[in-house]
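Architecture and fold: a report
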Amino acid sequence: MKIGVCLKQVPATDTRIRVNADATAILTDDVKFEINPYDEYALEEALQLKAAGKATEVITFTLGGADADPRIRDGLARGADRAVRIDDPALAGSDALGVARALAAALKAEGVGLVLAGRQAVDGDGSAVPAMIAELLGCAQVSWVDKLTIEGESFTAQRAAGGGVREVVTGSLPAVVTTDKGLNTPRYATLPGIMKAKAKPIAVKKLADLALDASSVGAGAALVSFSNMGQPAARPAGRILKGDSASVVAELVSLLHNEAKVI
Amino acid sequence: MGNGILVYCEFENGSPRKTAYELLQKAVALGAGPVSALVIGGGDTSTLGANGATRVFQVDAPQVASYSTGAYVKALAAGIAASGAATVLAAASSPARDAFPRLSARIGAGFGVEVTDLRNEGGKIVGRRPVYAGKALVDVNILSAVGLFTVRPNSFPVAAASGGSAAVVAVDAGLTDADVDVKVIDRVAPANKAIDLTEADRIVSGGRSLKTKEQFDEVLRPLAAAIGATVGASRAAVDAGLAGHGEQVGQTGKVVNPSLYIAFGISGAIQHLAGMRTSRVIVAVNKDADAPIFQYATYGIVGDLFEIAPLLTAELRKHS
Ligand SMILES: Cc1cc2nc3c(=O)[nH]c(=O)nc-3n(C[C@H](O)[C@H](O)[C@H](O)COP(=O)(O)OP(=O)(O)OC[C@H]3O[C@@H](n4cnc5c(N)ncnc54)[C@H](O)[C@@H]3O)c2cc1C
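Residues numbered from 1 in each chain as written. Chains lettered and ligands numbered in written order. Predicted model: local features only at pLDDT ≥ 70, side-chain atom pairs only at ≥ 80, totals over all residues. Heavy atoms only, no water.

Overview of the overall build of chain A
The helix and strand tally for chain A stands at six helices and 13 strands. Its C-alpha atoms give chain A principal-axis dimensions of roughly 70 × 45 × 40 Å. Burial status across chain A gives 56% buried among its 263 residues. Within chain A, counting contacts between residues at least 6 apart in sequence, those at least 24 apart form 69% of the total. Surface accessibility of chain A: about 10,900 Å² in total, with carbon and sulfur atoms responsible for 54%. Each charge sign in chain A was given a centre, from 29 positive and 31 negative side chains, and these centres are 3 Å apart. (Helix = DSSP H or I, 4+ residues; strand = E, 2+ residues; numbered from the N terminus. Buried < 20%, exposed > 50% of the residue type's maximum accessible area, 1.4 Å probe, protein only. Contact = heavy atoms within 4.5 Å. Areas by Shrake-Rupley, 256 points an atom, 1.4 Å probe, with all protein chains shown as cover. Lys, Arg positive; Asp, Glu negative; His and termini not counted. Charge placed at Lys NZ, Arg CZ, Asp CG, Glu CD.)

Some remarks on the sheet that holds strand β1 (residues 2-6) of chain A
Across the sheet, 10 strands lie side by side as β11(A)-β5(A)-β4(A)-β1(A)-β6(A)-β10(A)-β7(A)-β8(A)-β9(A)-β13(B); this open sheet has mixed pairing. Either end of the sheet is taken by a strand with one partner, and the two such strands are β11 (202-205) of chain A together with β13 (183-188) of chain B. The mean inter-strand angle of the sheet, taken between neighbouring strand axes irrespective of direction, is 30 degrees. Inspection of the sheet shows β1(A) paired to strand β6 (residues 114-118) of chain A by four bridges, in the parallel sense. By the bridge assignment for β6(A), Val5(A) is matched with Leu116(A). Along the sheet face, helix α1 (residues 37-51) of chain A touches β1, β4 (57-63), β6, β7 (140-151) and β10 (175-179) of chain A and points at about 150 degrees away from the line of β6(A). (Pairing = 2+ DSSP bridges. Axes fitted to C-alpha atoms, helices over the stretch in contact; angles between N-to-C directions.)

As for the domain arrangement of chain B
By convention, interface size is frequently given as the accessible area that disappears when the constituent parts associate. Residue and element names in this part refer to chain B. When the domains of chain B are assigned, the result is domain 1 (5-179) and domain 2 (197-318). Its C-alpha centre places domain 1 at a distance of 32 Å from the equivalent point of domain 2. With 10 residues of domain 1 at the contact, the number on the domain 2 side is 11 residues. For the pair domain 1 and domain 2, the summed buried surface comes to about 970 Å²; carbon and sulfur atoms form 45% of the total. In terms of surface lost to domain 2, no three residues of domain 1 exceed Ala-133, Arg-152 and Asn-154, which account for 46% of the buried area on that side. Summed over the shared surface of domain 1 and domain 2, the result is one salt bridge. Between Arg-17 and Glu-199 there is a salt bridge, and its shortest N-O distance comes to 2.9 Å. Run the count over domain 1 and domain 2 and you get five residue pairs in polar contact (both at pLDDT 80 or more). Taken together, the residues of the side of domain 1 that touches domain 2 sort by class into two nonpolar, four polar and four charged. (Domains from an automatic or database assignment. Buried area = accessible area lost by both parts, 1.4 Å probe. Salt bridge = Lys/Arg side-chain N within 4 Å of Asp/Glu carboxyl O. Polar contact = N/O pair within 3.5 Å; in protein donor to acceptor, adjacent residues only side chain to side chain. Nonpolar A, V, L, I, M, F, W, Y, C, P; charged D, E, K, R; others polar.)

In structure tokens:
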């Protein structure tokens, strides 16, 4: 079985965000990019499944320009066998569904049996593309998984179910599984891994290579648009309580009760 | 083109969750046509009308007894079609997060994920949502006939119910056992039965400065219990084994939105702030007066948490 890992580059989590002039996106000059932290769990799980003999090949799938290649190489250096990058001008302005269409077409073309993706990309925090891929592939999906086992054609996964409850679920492959913190501890690339990755292929695909019609993706096919991006209002200045421990604690409780009215 | 707003109301132990009332009341306030409720499964629907629903669409079948993506997406699609609504709202719970993107692809409806605000612009509902872990906010405009939004819990106030009653309309989604694509075989309940962090109205959180799991449990959990708060933690605390993964607040943990967030010995790293900066009142206890968390705190105490926490626990007990 081939495992497909959706791998996206996102601004490093400590990036200071600045908004562009037409308030539709962030400025990306001098932003440092990293592999989306949740995708690292997806890649690690795929590599462990392959090591355990449950998969024959681990392929990463990325939508984006050549500027994503360093992150894709990082994935290859950690152990992915090869990478597919979808890059076509017609994809510009795609919403989550447009992105999912492109990725689903590429995953299908490779005959992937298990798709692993981070539970959300920490840029747009959308958390939508993997479930859309599952719908387009017509297969099962499990979200926010922190335990996964594959046995033949079936999987068992533990997922968040709200209220702090974890549900153990089972279903049949093919499936799309989104990965949460706690699933594993992602490895870093080693020096030999980095050397090996240089020889591993990154196949760049156009929409035509995936038999996708340009009218099904891009701004023209989008079901949502984004505007008016801005930064949250600064919090009003707070107050540091002064005095000995007993008196600041008494003052705090009185403030919470009488001023903030939260207790 | 549809009309009105449909609120997908989740139930727990046979009654609507608080988020159902929050969204029904917000839907009424938006003033964009009739408000109806969608209920999947059984339960007491009698309070939905008083909170603003004029009709309750209900899909009940053995296949929806527990959540599965396949059965729920089909049920949601049938309920939306029956209601004829232009806008669908749901709380951003675990099941809704799983089902809604798939539903969006299935019915070709634009989807705004985990919005924290909604407004009516000339009859069109526009969502506003945090992106980049809350470092920016953006409007989500729906370009399709039907729009879907999941809404972060506690985004809107809940007032006392004041409306009338709603007629229940049974919807047949044509569910079969084949729709239960992923089967639940076990449920692991949390060790303590507190409210889920993402829906909690009060949170007491601790950092790695608590040093051991024993101290974390002894110092913070009784304090949380004194005010019915849910316990949270920084990533450093979780990675050191002081608290569970499910208790992590932040960019790679839970995003929370309580009225009260009390942080003990948490420095206020940007990734932690990402998860709790929208809390209405933030209290920080930290021995370092320069800790970044104080820039976000409504009330700050510079001091040793091991001294402050027990005093605060005792003082809070007097109030409850
Ligand atoms: C990709 C990525 C994702 C991340 N995601 C998250 C996330 O989701 N959530 C998260 O929390 N972090 C996250 N982090 C980690 C984050 O950067 C910080 O390392 C972490 O939040 C720090 O935790 P802390 O405040 O407990 O520890 P520290 O930063 O070590 O701070 C400890 C604080 O405790 C104070 N202190 C010590 N002793 C006492 C005492 N006796 N009394 C009072 N105060 C005391 C100190 O003054 C200090 O301010 C992420 C990092 C990365 C790189």
